[in-house]
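Understanding the architecture of this molecule
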Protein chains: 2
Amino acid sequence: MADVAFQEYYPDELSHCYGCGRLNEDGLCIKSFWEGDEAVCHFRPHPYHTGPPGYVYGGLIASLIDCHSTATASATAYRRASRESGTAPAPRYVTASLHVDYRKPTPIDAVLELRAHVTEMSGRKIVVASTLSVDGVTCAEGVVVAVEMPDSMLQTAPGTDAHA
Amino acid sequence: MADVAFQEYYPDELSHCYGCGRLNEDGLCIKSFWEGDEAVCHFRPHPYHTGPPGYVYGGLIASLIDCHSTATASATAYRRASRESGTAPAPRYVTASLHVDYRKPTPIDAVLELRAHVTEMSGRKIVVASTLSVDGVTCAEGVVVAVEMPDSMLQTAPGTDAHA
């Protein structure tokens, strides 16, 4: 497994995301790594991430799948272009759609393992499929359609001077 | 709009959910109300709920759609049985699948409005479609397949004595 997480390569102005931004002290700060052609992320929920007693709430699972998948898309874009990770301009992806199938209740007192792989690439779109498992048992499956973040999204962001 | 939120009727042992539990001090504590046949929820994100600068992160949107939809399913179950809200046993629903289409970036410095309605009911399943909008502009659309929470899920919840 590589030493540096995909999210470490995000430029500062895009590193405040609640799910994956390394500069968001209130956020989840997930970290994703290549393991061959799979992207892997481990996350231990806090006790307050509960849904029904003893189980993770579904919104956290959706959040993890979302951010891990867009990170996987970004890292894939580097690979596809044979570019070294972290070189500018950083390929950044946003979520066009997110689908999660909850297969089993996910125990909260456990390390969750996400494994993602790319199933489709075309133009500005990368489709990422993933599983979330605990101790080898799949608890949820996700599919994210990620699209390259348009420049206009940064230029028109309200209430920010990130690109001033 | 009714005065009492759907979530106020959840029994205490099921009121710790990060998304919708009134007893989770760290959580989102969303509140959903009937407005005719639509269930409505308003939520103002915190600044740390950012995704790209100035916009809400997608995981929060998924979380809101998820919990608002299962609350709508629960409230619908009361209506379908012609039962008064809050009477025991409380009908509680969990998410079998969640789908979100992100139509536009969602500004973070705004009140988000979720509107949900039931599109299908069969047996233990209730399907809920919803929109998330800001100032009348739809930013995301969701579909949640909610299923009645099995008793076994409570009885086997690890690390809890909620039903002891």
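Residues numbered from 1 in each chain as written. Chains lettered and ligands numbered in written order. Predicted model: local features only at pLDDT ≥ 70, side-chain atom pairs only at ≥ 80, totals over all residues. Heavy atoms only, no water.

Residues and elements named next belong to chain A. Enumeration over the complete set of coordinates arrives at 20 salt bridges over all chains. Between Asp109 and Arg44 there is a salt bridge whose closest N-O contact spans 3.2 Å. With a gap of 65 residues between them, Asp109 in the loop between strand S3 (93-102) and strand S4 (112-122) and Arg44 in the loop between strand S2 (38-43) and helix H1 (58-80) connect regions that are remote in the sequence. Salt bridges here are not isolated pairs; linked through shared partners, they connect Glu35, Glu38, Glu113 and Arg115. (Salt bridge = Lys/Arg side-chain N within 4 Å of Asp/Glu carboxyl O. Helix = DSSP H or I, 4+ residues; strand = E, 2+ residues; numbered from the N terminus.)

The linkage connecting A:Ala88 with the following residue, A:Pro89, adopts the cis geometry, with an omega of 0°. Tracing the backbone shows A:Pro89 in the loop between H1 and S3. At A:Asp135, a position not held by glycine, the phi torsion is positive, near 50°. The class of A:Asp135 is exposed, set by a relative accessible area of 75%. The phi torsion at B:Ser82 lies on the positive side, around 55°, for a residue other than glycine. (Buried < 20%, exposed > 50% of the residue type's maximum accessible area, 1.4 Å probe, protein only.)

On to the relation of the copies chain A and chain B. What relates the two chain copies is a rotation about an axis together with a slide along it. Note on the copies: chain A fits chain B at an RMSD of 0.0 Å, the axial shift is 0.0 Å, and the rotation between them is 180°. The superposition operator between the copies reduces to a two-fold rotation axis. Across chain A, the smallest distance between a C-alpha and the rotation axis is recorded for A:His99, namely 2.2 Å. A share of 100% of interface residues in chain A that are also interface residues in chain B marks the association as one of identical surfaces. (Least-squares fit on C-alpha atoms with pLDDT ≥ 70 in both. Contact = heavy atoms within 4.5 Å.)

Attention now moves to the sheet that holds strand S3 (residues 93-102) of chain B. Pairing within the open sheet is antiparallel, and its twelve strands lie in the order S1(A)-S2(A)-S4(A)-S5(A)-S6(A)-S3(A)-S3(B)-S6(B)-S5(B)-S4(B)-S2(B)-S1(B). In the strand order of this sheet, the two ends are held by strand S1 (32-35) of chain A together with strand S1 (32-35) of chain B, each with one partner. Each strand axis lies, on average, 25° off the axis of its neighbour in the sheet, ignoring direction. Pairing analysis gives nine bridges linking S3(A) to strand S6 (residues 137-148) of chain A, with the strands arranged antiparallel. By the bridge assignment, A:Val100 is partnered in S6(A) with A:Gly142. Running over the sheet, H1(A) touches S1, S2, S3, S4, strand S5 (125-134) and S6 of chain A together with S3 of chain B and is turned about 135° from S3(A). Strands in contact with helix H1 (residues 58-80) of chain B are S3 of chain A together with S1, strand S2 (38-43), S3, strand S4 (112-122), strand S5 (125-134) and strand S6 (137-148) of chain B; relative to S3(B), the strand with the most contacts, it is inclined by about 135°. (Pairing = 2+ DSSP bridges. Axes fitted to C-alpha atoms, helices over the stretch in contact; angles between N-to-C directions.)

Our next topic: the confidence of the model for chain A. Residue and element names in this part refer to chain A. With 93% of its residues at a pLDDT of 70 or more, chain A shows a mean pLDDT of 91. pLDDT under 50 marks residues 159-164. Its contacts with residues more than four places away, or in other chains, come to five contacts. Scored by ipTM, the complex comes to 0.93, with pTM at 0.93. (pLDDT = per-residue confidence, 0-100.)

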